[in-house]
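Understanding the architecture of this molecule
Okay, here's what each chain looks like letter by letter:
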Amino acid sequence: MRIVVLAGGIGGARFLRGLKQAAPDAEITVIGNTGDDIHLFGLKVCPDLDTVMYTLGGGIDEKQGWGRRDETFHLKEELAAYGVGPEWFGLGDRDFATHIVRTQMLGAGFPLSAVTEALCDRWQPGVRLLPMSDDRIETHVAVEVDGEQRAVHFQEYWVRMRASVPALAVVPVGAEQAEPAPGVLEAIAEADIVLFPPSNPVVSIGTILAVPGIREAIAEAAVPVVGLSPIVGGAPVRGMADKVLAAIGVEADAAAVAEHYGSGLVDGWLVDTADAGVVERVESAGIRCRAVPLMMTDVDAAARMAAEALRLAEEVSA
Ligand code: GDP
Ligand code: CA
């Protein structure tokens, strides 16, 4: 069984760990979001790709959900002592090595997809991890500060501002001119199942779908596409997805997210048991829907979610 998963960071990575357990023999290709990428201290940082790589490779800080476990911050402190920031983005010593290797390889002319493959040689995530594109795409968020509109990098909005002001618009800068990375369209064309984990519908999955060709390939693939809601009981399980959903005019609601993707893209949708009341609404939008527990409290819980997603995929294809 060949499964393609579109993934952001934490939500995607934790789901993938469950999927690997639920379908140990499956060939899993992950199309990772690179819209969150940022250049810091002259280094190229790919937070979502790294979260997937570290989580599946056993190097993640479990509690935090991102970054390396047993991390130290000497380098950051030394940089701060020189007055060199930003101080709001937490890069640890172990993590720095990843970004140095990546930046060095990019500088030598390797595309991001080849660099990601090389980094995964060490981590052995057990999936094929592809960046959505080798081209530079950067998500920017339009905000109003002191009565003036300006655009900030997604990380500045998310990490520095903690999404404390409304997002007026979310723009994946560069996406229009970008091409899917080598292997992305091929993996979708050869897939038996496509899954949308409970990743952020706007700045993770939305950004991947904004790369020309990816949305079309998924919509046209004659295979079941099943998604899991990151919104439970009218709020994101973690983070501030409601802020960026508002920017695109979508309610923070499990059914509204399904309707946003639409029946032209997804065939099946899982909502949490707390949202059992919206199953009918989703089904009336032409999307097969089930209510099952969707809290990834541990790997087993994530594996049960993945098994439910695979079951629903089988059901919609029958
Ligand atoms: P990020 O790039 O690190 O923000 O991660 P993703 O985009 O992959 O996932 C973020 C989304 O995951 C958030 O909108 C959360 O609501 C969702 N999420 C996190 N943990 C859980 C969980 O246990 N269950 C569900 N249903 N969603 C979750
Ligand atoms: Ca992210």
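Residues numbered from 1 in each chain as written. Chains lettered and ligands numbered in written order. Predicted model: local features only at pLDDT ≥ 70, side-chain atom pairs only at ≥ 80, totals over all residues. Heavy atoms only, no water.

1. A short note on the coordination of the calcium ion (ligand 2)
The line we're drawing: Distances decide who is a donor: an N, O or S atom must be within 2.8 Å of the metal, or within 3.2 Å for Na, K and Ca. Water is not included, so sites may look incomplete. Labels follow the DSSP assignment, with helices taken as runs of H or I lasting at least four residues and strands as runs of E lasting at least two, numbered in each case from the N terminus. Accessibility here uses a 1.4 Å probe with only protein chains present; expressed as a share of the type maximum, an area under 20% marks a residue as buried, one over 50% as exposed, and anything in between as partly exposed.
For the calcium ion (ligand 2), the protein coordination sphere consists of D36 (OD), D48 (OD) and D48 (OD), at 2.1 to 2.6 Å. Residue D36 is found in the loop between β2 (27-32) and β3 (38-40), and its partner D48 is found in helix α2 (residues 47-57); the two are separated by 12 residues along the sequence. Taken as a pair, D36 and D48 share a single burial class, namely buried.

2. A word on helix α11 (residues 254-261)
Stated formally: Contact criterion: two residues are considered in contact whenever any of their non-hydrogen atoms come within 4.5 Å of each other. Under the rule applied, a polar contact is a pair of N or O atoms within 3.5 Å (in protein, one hydrogen donor and one hydrogen acceptor; residues adjacent in sequence only if both atoms are side-chain atoms).
Of all 8 residues making up α11, 6 are buried, and the element is well covered by its neighbours. Of all the residues in α11, the buried ones are A254, A255, A256, V257, A258 and Y261. Residues of α11 that are buried make contact with β9 (193-196), α8 (205-209), β11 (231-232), α10 (241-247), β13 (268-271) and α12 (279-284). Looking at where α11 begins, the residue whose side-chain oxygen comes 2.8 Å from the main-chain nitrogen of A255 is D253.

3. A look at empty space enclosed by the protein
Which entries qualify depends on this criterion: Of the two site types, the cavity is a set of points on a 1 Å grid over the protein atoms alone where a 1.4 Å probe fits but cannot get out, and the pocket is an open set with protein on both sides within 12 Å along at least five of seven lines, each lined by residues with an atom within 4 Å of a point. Grid points are joined across faces, edges and corners, and a volume is the space filled by probe spheres set on the points.
Scanning the model with the defined rule gives 2 cavities of 30 Å³ or more in all. When its volume is computed, the largest cavity comes out at roughly 50 Å³. Lining the largest cavity are Q64, W66, G67, R68, E71, F73, G90, L91, G92 and D95. Estimated volume of the second largest cavity: approximately 40 Å³. What lines the second largest cavity is simply I10, A13, R14, R17, T55, I60, D61, E62 and G65. Top element by residues in the lining of the second largest cavity is helix α1 (residues 10-22). It accounts for 4 residues.

4. Thoughts on the sheet that holds strand β7 (residues 148-153)
To be explicit about the condition: DSSP-based pairing: two strands are paired if at least 2 bridges between them are found. Interaxial angles span 0 to 180 degrees and are taken between N-to-C directions of axes, which are lines fitted to C-alpha atoms, for helices over the stretch in contact.
What the 3 strands build is an open sheet, ordered β7-β6-β8; its pairing is antiparallel. Edge positions in the open sheet fall to β7 and β8 (169-173), since each of these has one partner strand only. Across the sheet, the axes of successive neighbouring strands diverge by a mean angle of 30°, strand direction being ignored. With 6 bridges joining them, strand β6 (residues 138-145) and β7 adopt antiparallel strand pairing. Looking at β7, one finds that V141 is bridged to V152.

5. Overview of the pattern of salt bridges
Condition: Salt bridges, as used here, are contacts in which a Lys or Arg side-chain nitrogen is within 4 Å of a carboxyl oxygen on Asp or Glu.
Inspection of every chain in the model, using the stated rule, returns 12 salt bridges. When the shortest N-O distance is used, the salt bridge between E315 and R288 registers 2.9 Å. Within this pair, whereas E315 is found in helix α13 (residues 299-317), its partner R288 is found in strand β14 (residues 288-291), the two being separated by 27 residues in sequence. On the basis of relative accessibility, which here comes to 28%, the residue E315 falls in the partly exposed class. Three or more residues joined by partner-sharing salt bridges are found here, namely E283, R288, R290 and E315.

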